[in-house]
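Observations on chain architecture
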Amino acid sequence: MESTQPSFLLPDYLVLAAVLLCSSLIGLYYRFSGGKQKTQREYLLADGGAAIIPVAFSLMASFMSAITLLGVSQENYTYGTQFVMINLSYVISTPIAAYVFLPVFYGLQSASVYKYLEKRFGYPTRLLASLAFTLQMVLYMGIVLYAPALALSAVTGLHFEGAVIAIGLVCTFYSTLGGMKAVLMTDLFQSLLMFAAVFSVIICCWVDAGSLWPVLENAHLRGRIQFLEMSFDPTVRHTVWSQVFGGCFVYCSLYAVNQAQVQRLLTLPTLRSAQAALWIQVPILMVLSLSTSLAGLCIFYRYRDCDPIMSGQIRSGDQLLPLYIVDRMSEIPGLPGLAVAGIFSGSLSTVSSAINSLAAVTLEDYIRPFITLSDSSTPFILKILALVFGAICIALAFLADILGTGVLQASL
């Protein structure tokens, strides 16, 4: 197979620009509509009047970052399908998150989940947990912005610095102006783009192969189909035990007690509606997870006789999905741009949730315990905090350029 040159053309740039513009306009709309983000409750919790479907998609979008899209497709291409067993843990863990943890946090109605720790163990415990969350999220959102920009720029010809600045600025813009309402609606919009990116890979492969059967047959013959690895050997990459039981702990850490996710659930008017959103996001999450895994097998089918890493087309497995996009989809004007926009949407949704939740934690856990604030001043302070964390995200993305880790390892 001949080496593929970067081929991101004008229609692709226009599609990507349109996606960024739409996200920005959503932020502007919610800045000047409704309560115009004049209260803390509206800015952080959407006045408790959010709808179930946008919240469900937002929960999924925050979990499935661009790192996950690139990493899961690479995982299935390189190692096989054992990783998809983690989806079972989502079903097992959702009742725990919905009926054990969520009622506690919903009853508190606090913008910071760490208020519970203060009630149980005192303020020092609350502060310690909040500091740990802040450090983790600040570092993670830099990686979430950096990793896909690096992988995409290496293959598509996108300018790395330009991609980081554009994505970072747009995300900071609509998160700062529109608050939680804008974050929820942009997450819904960006979730659809993530599905479009993944399914565009599957459909293109379907057209090339005539059906999905040759894709699955090729994966089976070459040892990529595996679901029931039951080994207790800790050196085995993935097993049913590590994916199902380990996945339960990962899921609960994100959906049961994570500030960003619980804050979204508190935007709903009742506990029952919050529990419904948590359940509805499960099939949404599973469909995207399974389809991303299938996309990895589709990429494996296209390059079954000429591995692009071995041939020197790309430097690492992180670039497999971007390579497929420009290699296969460039004959259709704008389609590579749509697929890349879908990948970047994973970054936008994750970073926007981080910015909003970090602003909430900073105000509630670090400022309010020591300074008395009026209701009229808190929205302005929250916007300044969101702006600061957005700038930090962009700076860390450039700082992360010195790292040599792969996308899947960076996500861990």
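Preceding this section is the structure that the text describes.
All of the points below concern the structure found in this document. (Residues numbered from 1 in each chain as written. Predicted model: local features only at pLDDT ≥ 70, side-chain atom pairs only at ≥ 80, totals over all residues. Heavy atoms only, no water.)

1. Describing the overall build of the protein
A count of helices and strands for the protein gives 16 helices and zero strands. Rg of the C-alpha trace for the protein: 21 Å, near the compact-globule value of 22 Å for 412 residues, within the 12% margin. With the C-alpha coordinates of the protein rotated into their principal frame, the extents come out at 65 × 50 × 35 Å. Burial statistics for the protein: of 412 residues in total, 58% are counted as buried. As displayed, the protein has an accessible area near 16500 Å², and 70% of this comes from carbon and sulfur atoms. (Helix = DSSP H or I, 4+ residues; strand = E, 2+ residues; numbered from the N terminus. Rg over C-alpha atoms; globule rule 2.2 N^0.38 Å. Buried < 20%, exposed > 50% of the residue type's maximum accessible area, 1.4 Å probe, protein only. Areas by Shrake-Rupley, 256 points an atom, 1.4 Å probe, with all protein chains shown as cover.)

2. Describing the packing of helix α3 (residues 52-63) against helix α12 (residues 271-302)
Between α3 and α12, the least distance of the axes is 8 Å, while the angle of their chain directions is 50°. One element, α3, and the other, α12, form an angle in the oblique class. Pair α3 / α12 crosses with right-handed handedness. From α3, Ile-52, Ile-53, Val-55, Ala-56, Phe-57, Leu-59, Met-60 and Phe-63 reach across to α12, where they touch Ser-273, Ala-276, Ala-277, Leu-278, Ile-280, Gln-281, Ile-284, Leu-285 and Leu-288. Across the contact of α3 with α12, the residue classes tally to 15 nonpolar, two polar and no charged. (Axes fitted to C-alpha atoms, helices over the stretch in contact; angles between N-to-C directions. Parallel < 35°, antiparallel > 145°, perpendicular 65-115°, else oblique. Left-handed = near helix turned anticlockwise from the far one by under 90°. Contact = heavy atoms within 4.5 Å. Nonpolar A, V, L, I, M, F, W, Y, C, P; charged D, E, K, R; others polar.)

3. Re the side chain of Lys-383
Relative to the elements of secondary structure, Lys-383 occurs in helix α15 (residues 378-399). No salt bridge is formed by the buried Lys-383, whose closest oppositely charged neighbour, Glu-42, lies at an N-O distance of 8.4 Å. Residues in contact with Lys-383, not counting those within four places in the same chain, are Arg-31, Lys-36, Gln-37, Tyr-43 and Thr-176. (Lys, Arg positive; Asp, Glu negative; His and termini not counted. Salt bridge = Lys/Arg side-chain N within 4 Å of Asp/Glu carboxyl O.)

4. Concerning the environment of Gln-190
Position of Gln-190 relative to the elements: it lies in helix α8 (residues 160-209). Taking the C-alpha atoms as reference points, Gln-190 and Ala-17, separated by 173 residues in sequence, lie 14 Å from one another. Setting aside chain neighbours within four positions, we find Gln-190 in contact with Ser-23, Tyr-174, Ser-345, Leu-348 and Ser-349.

5. Focus on the pattern of salt bridges
If the charged atoms of two oppositely charged side chains come close together, the side chains can form a pair. Tallied over the entire structure, the rule returns 11 salt bridges. Ionic pairing is found between Asp-187 and Arg-264, a salt bridge with its closest N-O pair at 2.9 Å. Linking Asp-187 in helix α8 with Arg-264 in helix α11 (residues 259-265), this pair joins segments that are 77 residues apart in sequence. By the burial criterion, Asp-187 is buried, and Arg-264 matches it. Its salt-bridge partner being Arg-368, residue Glu-364 comes within 3.2 Å of it at the nearest N-O pair. Since its relative accessible area comes to 12%, Glu-364 is described here as buried.

6. What about the packing of aromatic side chains?
Taken as a whole, this structure holds 14 aromatic pairs when the rule is applied. Judged by centre distance (5.9 Å) and plane angle (50°), the rings of Tyr-114 and Phe-133 are tilted. Of the two residues, Tyr-114 sits in the loop between α5 (86-108) and α6 (115-121) while Phe-133 sits in helix α7 (residues 123-156), which places them 19 residues apart along the sequence. For the pair formed by Tyr-114 and Phe-133, the shared burial category is buried. Centre to centre, the rings of Tyr-251 and Tyr-255 are 4.4 Å apart; their planes meet at 20°, and the pair counts as stacked. Highlighted residues: Tyr-251 and Tyr-255, both in helix α10 (residues 240-255), separated by four residues, approximately one helical turn. Among the residues examined, Tyr-251 registers a relative accessible area of 0% and is labelled buried. (Phe/Tyr/Trp six-rings, centres within 6.5 Å; stacked < 30°, edge-to-face > 60°.)

7. Focus: a nonpolar patch on the surface
Residues Ile-96, Tyr-99, Val-100, Phe-101, Val-257 and Trp-279 make up a contiguous nonpolar surface patch of about 500 Å² in total accessible area. Judged by its relative accessible area of 47%, Tyr-99 is partly exposed. (Patch = residues over 30% accessible without salt bridge, like charges linked within 9 Å, V, L, I, M, F, W, Y side chains within 5 Å.)

8. Here's the deal with the state of the cysteines
Taken as a whole, this structure holds zero disulfides when the rule is applied. No disulfide involves Cys-22; its nearest neighbouring cysteine sulfur is the one of Cys-171, lying 15 Å away. In this structure Cys-252 is a free cysteine whose sulfur lies 6.5 Å from that of Cys-248, the closest cysteine sulfur available. Accessibility expressed as a relative area gives 16% for Cys-252, which makes it buried. (Disulfide = S-S within 2.5 Å.)

9. Considerations on unusual backbone geometry
In the Ramachandran plot, Asp-47 falls in the positive-phi region, its phi being about 60° despite a non-glycine side chain. Looking at the secondary structure, you find Asp-47 in the loop between α2 (40-45) and α3. Phi is positive for Gln-109, which is not a glycine, with a value near 50°. Note on Gln-109: relative accessible area 33%, which makes it partly exposed.

10. Thoughts on the side chain of Gln-319
Within the secondary structure, Gln-319 is located in the loop between α12 and α13 (320-328). Polar side-chain contacts of Gln-319 include one of 3.0 Å to the backbone nitrogen of Arg-315. In contact with Gln-319, not counting residues within four places along its chain, are Ala-151, Ala-154, Val-155 and Ile-314. (Polar contact = N/O pair within 3.5 Å; in protein donor to acceptor, adjacent residues only side chain to side chain.)

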